[in-house]
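# Geometric and topological summary
These are the residues of each chain, in order.
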Amino acid sequence: MHTYKRCGCVGPLIRRRGERAGQPILDEDGNPQVGRLDTACTELPKNGHGTWYYSLRLVQENGEEPIRLRKGGFPTQAKAKEEAKSVWDDHDAGLDVTVEETFGDYLLRWANEKEDVARTTISKYLEHIRYHIAPAIGRVERRAIRKSHLLQVFAAIKDRNTTILAHHEYVAHLTVECERKRKAWREGTPSNRQVLRASWHEARELLASERKRKRRVTGLETQKRILATLSSAIADGVRAEEFRRNWADLVKLPKSSPPKPMLWTPARVARWRATGKIPGRVMVWTPELTGAFLDFVADDNLFDLWHFMALRGPRRGEACGLSWSEVDLDSLTVTINSQVVSVNGELCDATPKADSDRILSIDSESGRLFESRRVLQAQQRATAGKAWHDTGRVFTHEDGTGYHPDYLTHRFKDLVAASGLPPITLHGLRHGAACIAHLGGSDMKEISDQLGHSAIQITMDTYTNILPEAQKARAEAALAVVPRAGQVPAAPDPAAVSVPATPAAPPVPAPAPDQVPAFNPAAPELRPAGGGRLATLRRVRAKRTEQVLVGV
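Everything in this summary refers to the structure shown in the same document. (Residues numbered from 1 in each chain as written. Predicted model: local features only at pLDDT ≥ 70, side-chain atom pairs only at ≥ 80, totals over all residues. Heavy atoms only, no water.)

## Structural notes on the sheet that holds strand β1 (residues 2–6)
- The three strands lie next to each other as β1-β4-β5, forming an open sheet whose pairing is antiparallel. Here the strands that pair on one side only, and so sit at the sheet edges, are β1 and β5 (67–74). If you compare each strand with its neighbour and ignore which way they point, the axes differ by 25 degrees on average.
- As paired strands, β1 and strand β4 (residues 51–58) are joined by five bridges and run antiparallel to one another. Looking across to β4, one finds that Tyr4 is bridged to Tyr53.
- This element, helix α1 (residues 77–92), spans β1, β4 and β5 of the sheet and lies at about 25 degrees to β4. (Pairing = 2+ DSSP bridges. Helix = DSSP H or I, 4+ residues; strand = E, 2+ residues; numbered from the N terminus. Axes fitted to C-alpha atoms, helices over the stretch in contact; angles between N-to-C directions. Contact = heavy atoms within 4.5 Å.)

## Description of the environment of Lys114
- Within the secondary structure, Lys114 sits in the loop between α2 (103–113) and α3 (119–137).
- Sequence separation of Lys114 and Asp236 is 122 residues, and the distance between their C-alpha atoms is 9.7 Å.
- When near neighbours in sequence (up to four residues on either side) are disregarded, Lys114 contacts Ile122, Tyr125, Ser232 and Asp236.

## Focus: unusual backbone geometry
- Backbone geometry at Glu241 places phi at a positive 60 degrees, although glycine is not the residue there.
- Along the chain, Glu241 turns up in the loop between α6 (220–239) and β6 (262–263).
- Taking the relative accessible area as the measure of exposure, Glu241 reaches 44% and is therefore partly exposed.
- Even without being a glycine, Leu332 presents a positive backbone phi close to 55 degrees. (Buried < 20%, exposed > 50% of the residue type's maximum accessible area, 1.4 Å probe, protein only.)

## Considerations on the packing of aromatic side chains
- According to the stated counting rule, one finds 16 aromatic pairs in the structure shown.
- With 5.7 Å between their ring centres and 80 degrees between their planes, Phe308 and Phe370 make a pair best called edge-to-face. Remark: Phe370 occurs in helix α11 (residues 364–384) and Phe308 occurs in helix α9 (residues 303–312); sequence separation between them is 62 residues. We note that Phe308, like Phe370, is buried.
- Summarising the aromatic geometry, the rings of Phe370 and Phe395 are spaced 5.9 Å apart at their centres and angled 55 degrees between planes, so their arrangement reads as tilted. (Phe/Tyr/Trp six-rings, centres within 6.5 Å; stacked < 30°, edge-to-face > 60°.)

## Some points on the sheet that holds strand β12 (residues 358–361)
- Strand order across the open sheet formed by three strands is β8-β9-β12, with antiparallel pairing between neighbours. Whereas interior strands pair on both sides, the edge strands pair on one side only; in this sheet they are β8 (327–328) and β12.
- Bridge count for β8 against strand β9 (residues 333–336) is two bridges, and the pairing is antiparallel. Following the sheet pairing, Val327 is matched in β9 by Val334.

## Comments concerning the nonpolar core
- By size, the foremost hydrophobic cluster in this structure holds 40 residues, and its most contacted members are Trp285, Phe293, Trp306, Leu322, Phe370 and Phe412.
- When contributions to this core are tallied by element, the ones reaching two or more residues are α7 (266–275), α8 (287–296), α9, α10 (316–320), β9, α11, α12 (405–419) and α13 (426–439).
- Sort the elements by how many residues they give to this core and α9 lands first, with six residues.
- Ignoring any residue separated from it by four or fewer positions in sequence, one finds Phe412 in contact with Trp285, Phe293, Trp306, Ile424, Thr425, Leu426 and Leu429.
- One finds Leu107, Trp110, Ile122 and Leu126 within the second-largest nonpolar core, a separate group that totals 27 residues. (Core = buried A, V, L, I, M, F, W, Y, C linked by side-chain atoms within 4.5 Å.)

## Things to note about helix α5 (residues 193–212)
- Over its 20 residues, α5 extends 29 Å from the first C-alpha to the last, a length consistent with the 28 Å expected when each residue adds 1.5 Å.
- Inspection of α5 places Trp200, Ala203, Leu207 and Glu210 among the buried residues, and these make up the whole buried set. Looking straight down α5, one finds its buried side chains confined to an arc of 90 degrees; they lie on one side. Turned more than 90 degrees off the buried face of α5, the exposed positions are Gln194, Glu202, Glu205 and Lys212.
- For α5, the secondary structure elements touched by its buried residues are α4 (147–187). (Expected span 1.5 Å × (residues − 1). Arc of directions from axis to C-beta.)

## Focus: empty space enclosed by the protein
- Applying the stated rule across the entire model yields one cavity of 30 Å³ or more.
- Counted as a void, the largest cavity has a volume near 30 Å³.
- Taken together, Asp90, Leu95, Arg142, Arg143, Ile145, Arg146, Glu242, Phe243, Arg244 and Trp247 make up the lining of the largest cavity. (1 Å grid on protein atoms, 1.4 Å probe; cavity = no way out; pocket = protein on both sides within 12 Å on 5 of 7 lines; lining within 4 Å. Points joined across faces, edges and corners; volume = space filled by probe spheres on them.)

## What about the side chain of His132?
- Relative to the assigned elements, His132 resides in helix α3.
- Residue His132 is classed as buried on the basis of its relative accessible area of 12%.
- Of note is the side chain of His132, whose polar atom sits 2.9 Å from the side chain of Arg160.
- Excluding residues that lie within four positions of it along the chain, His132 makes contacts with Glu127, Val153, Ile157, Arg160, Thr218 and Ile226. (Polar contact = N/O pair within 3.5 Å; in protein donor to acceptor, adjacent residues only side chain to side chain.)

Given below as structure tokens:
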């Protein structure tokens, strides 16, 4: 390895080797040739003139001709040596240092060549690369990537989130201002109402423009998925000897847990109606609210779909991709083995998430609704004629084409708003189905199988909200097994408890009648946590026992 200096100065060229070294180079007419002086420039010894280069001779392990690498443009000799050492270390670690590729180009190549994951996963990879990673560090050379570069990605996300939140506040201010100007126009006098109306229209147009520019904040969960994309890409590169190590393993993001679903209790509903504030990010209906929604949409052309999703909890893509071949109305079962996903704006069929293939039992009402859907489709097929699209799916438009999952999301949102019920998302029906199944007596394993989870812990941590009725039953069951002075413990009613049975407490031997003080209904109530009262009761019992023994 050696370093040298070059510049871009132009002047008479001079021979640098051989017997005629130092003599000018002449053209055919005998005139001195003019060109770049490079290392022959007499100004190179001066500081700040020219740039530094390095030259490396890399020996090939397979016995082929050594590779000679040259690279320059470094401001100092120390920088050139540092880069040369880095290239040498990469070569020594087995990396191919002859290929010049940016990190952004590598990520796109990696994602497009990835074959062991679903198309939807690759679509997410490309989304992370194009919108988050490439704008920040896409032009960095692949071999130069280090932990500091990956940190720049998340620093850029943080800065962008700050800008987005500031814009959200600006839009909120414009909303208040627009409403204020509307009221001013409505309450204005005839002499100035025209001016006030123009001011309101101007504010409304500005608000509409800024609302279109609103962007979503990149949350911590999305940032973790971006880091997972980086880790997967670099890990594959390490195995292909394109990276020295997986630098993503050194990046740590703040810990977080998915938001816990919250139940729309009567108190929360009342507060929402009074203030409009939603208490949590993930809200779930009680069975009563779910029933009210189903009553409201009883005449909707997708009532059977809402009923199916509310009671059995399939994912929206699974509902859209359900085929008649997987519906058995004789045994009242539905097989979930396909889903509809959107990849780059196009719908395609895909297998469900990992370990999500399952068989769902459906209730008798769902069976009747599915049969009605089959009859309706036969009528629609006859009406459409040649325009009918034979997709074989259960839930379709009038021409037989399937539904887009996003359509179900927007349609559900509009129906909830029209019903006046407290808002939930379409995925909230899936949470509600888990709660309903739990209240109906299903255990965690059964609910996990119903929802198609890969592990029962996911169901326990995320989906199962214990309904108030079950919580009350548990509390009463706990109270029933604690003996109290003057009370006979009441055995819990198994029919009233919709949770797994609590093991019965061991029988407590009843004391002799003359060993227990007479119960006085007018006496103050004795409580287990009564401190001095409990100690007094124990002393009285001990004294009575001693008196009985002495008498004997």
